[in-house]
Amino acid sequence: MEERKPLRAPALDPATVEPRIGSDYPIRFRALVASRERRALGDALGLTNFGVNLMRLPPGCASSQRHWHSRQDEFVYVMAGEVVLVTDGGEQILGAGMAAGFPAGKPDGHHLVNRSTRDALLLEVGDRTAGDEVDYSDIDMMVRWVDGEERYLRKDGETYLARIRTDEPDPV
């Protein structure tokens, strides 16, 4: 067997990117995505206009809480396994080679759930338009900009204690 040479920029082996496990959601909303694994490939490659994540969903895990974005488009491609796409319109099964897209500003909450018995592998792509806000369809949460920072808020505008994208625990 021929030994593979190490890759160098602009190429990347996704296995070399440290996975982020779970979510920084307020604690009460984390269980659904607790075993989700994301590798931020776009960040590792220095991409700034859009993000690319390699996401692994073990059985029973969801990609996120059901949500939609005000200004950012999202695209998901199923590379392996099977997931259930849940939207306001109902449920659809997506298998390897299938894709879904979510236009910015369309209030159609969506997420993917792995209800199978094996891991699903997805490629997740989204733009990085400034000022994006997120609404969560089924839970008391939204993302808004407060004092120049993205924050998780309750739908009445009251803030959860954790800031977005930190490792700080949220005691709420």
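Data block above holds the structure.
Here is a short report on the structure shown in this document. If you're wondering where the values come from, they're calculated on a predicted model, not measured in any experiment. (Residues numbered from 1 in each chain as written. Predicted model: local features only at pLDDT ≥ 70, side-chain atom pairs only at ≥ 80, totals over all residues. Heavy atoms only, no water.)

1. Topic: the overall build of the protein chain
Item 1. In terms of regular secondary structure, the protein chain is built from one helix and 14 strands.
Item 2. Taking 172 residues into account, the globule formula puts the C-alpha radius of gyration at 16 Å, and the protein chain, at 17 Å, falls close to it.
Item 3. Principal-axis analysis of the C-alpha atoms places the extent of the protein chain at approximately 60 × 35 × 30 Å.
Item 4. A total of 172 residues make up the protein chain; the buried ones form 43% of that total.
Item 5. Look at the contacts in the protein chain between residues 6 or more apart in sequence, and 59% of them connect residues 24 or more apart.
Item 6. Carbon together with sulfur atoms contributes 53% to the accessible area of the protein chain, which is approximately 9,900 Å² in total. (Helix = DSSP H or I, 4+ residues; strand = E, 2+ residues; numbered from the N terminus. Rg over C-alpha atoms; globule rule 2.2 N^0.38 Å. Buried < 20%, exposed > 50% of the residue type's maximum accessible area, 1.4 Å probe, protein only. Contact = heavy atoms within 4.5 Å. Areas by Shrake-Rupley, 256 points an atom, 1.4 Å probe, with all protein chains shown as cover.)

2. Considerations on the sheet that holds strand β6 (residues 82-87)
Remark on secondary structure: sheet strands pair via backbone hydrogen bonds, oriented parallel or antiparallel.
Item 1. Spatial strand order, β7-β6-β9: three strands in an open sheet with antiparallel pairing. Strand pairing shows two members of the sheet lacking a second neighbour, β7 (90-95) and β9 (111-113), which therefore form its edges. Ignoring strand direction, the axes of neighbouring strands in this sheet form an average angle of 30 degrees.
Item 2. Pairing between β6 and β7: six bridges, direction antiparallel. Across the sheet, residue V86 finds its bridge partner in β7, namely E91. (Pairing = 2+ DSSP bridges. Axes fitted to C-alpha atoms, helices over the stretch in contact; angles between N-to-C directions.)

3. Structural notes on unusual backbone geometry
Item 1. With omega at 10 degrees, the peptide bond leading from A9 into P10 counts as cis.
Item 2. In this structure, P10 sits in the segment before β1 (20-21).
Item 3. With a phi angle near 50 degrees, D147 is a residue other than glycine that sits in the positive phi range.
Item 4. As for its position among the elements, D147 is in the loop between β12 (142-146) and β13 (149-153).
Item 5. Judged by its relative accessible area of 79%, D147 is exposed.

4. Topic: the packing of aromatic side chains
Item 1. Using the criterion set out here, one finds three aromatic pairs in the structure.
Item 2. Between Y25 and Y136, the ring centres sit 5.7 Å apart and the planes meet at 90 degrees, which makes this aromatic pair edge-to-face. Placement of the pair is Y25 in the loop between β1 and β2 (37-40) and Y136 in strand β11 (residues 134-136), with a sequence separation of 111 residues. The exposure classification of Y25 matches that of Y136, with both residues buried. (Phe/Tyr/Trp six-rings, centres within 6.5 Å; stacked < 30°, edge-to-face > 60°.)

5. Section: the side chain of H111
Item 1. Structurally, H111 is set in strand β9.
Item 2. On the basis of relative accessibility, which here comes to 10%, the residue H111 falls in the buried class.
Item 3. When near neighbours in sequence (up to four residues on either side) are disregarded, H111 contacts L32, A62, S63, S64, Q65, R66, V84, L85 and V86.

6. Some details on the nonpolar core
Item 1. If you look at the biggest cluster of nonpolar residues, it comprises 14 residues, and the most contacted ones within it are Y25, F29, Y136, M141 and Y152.
Item 2. Broken down by secondary-structure element, the contributors of at least two residues to this core are β6 and β11.
Item 3. Counting residues in hydrophobic clusters, the runner-up holds 13 residues, among them M55, C61, V78 and L122. (Core = buried A, V, L, I, M, F, W, Y, C linked by side-chain atoms within 4.5 Å.)

7. Details of the pattern of salt bridges
Close approach of charged atoms allows side chains of opposite charge to pair.
Item 1. Counted according to the given criterion, the structure contains twelve salt bridges.
Item 2. Between D119 and R56 there is a salt bridge; the shortest N-O distance is 3.0 Å. Pair noted here: D119 is in the loop between β9 and β10 (120-127) and R56 is in strand β3 (residues 50-57), with a separation of 63 residues, a long-range link.
Item 3. Accessibility expressed as a relative area gives 36% for D119, which makes it partly exposed.
Item 4. You can call R56 partly exposed: its relative accessible area is 25%.
Item 5. The salt bridge involving D138 is made with R66; its shortest N-O contact spans 2.7 Å. One end of the pair, D138, is in the loop between β11 and β12; the other, R66, is in the loop between β3 and β4 (67-69), and 72 residues separate them in sequence.
Item 6. Classification of R66 by relative accessible area gives buried; the value is 11%. (Salt bridge = Lys/Arg side-chain N within 4 Å of Asp/Glu carboxyl O.)

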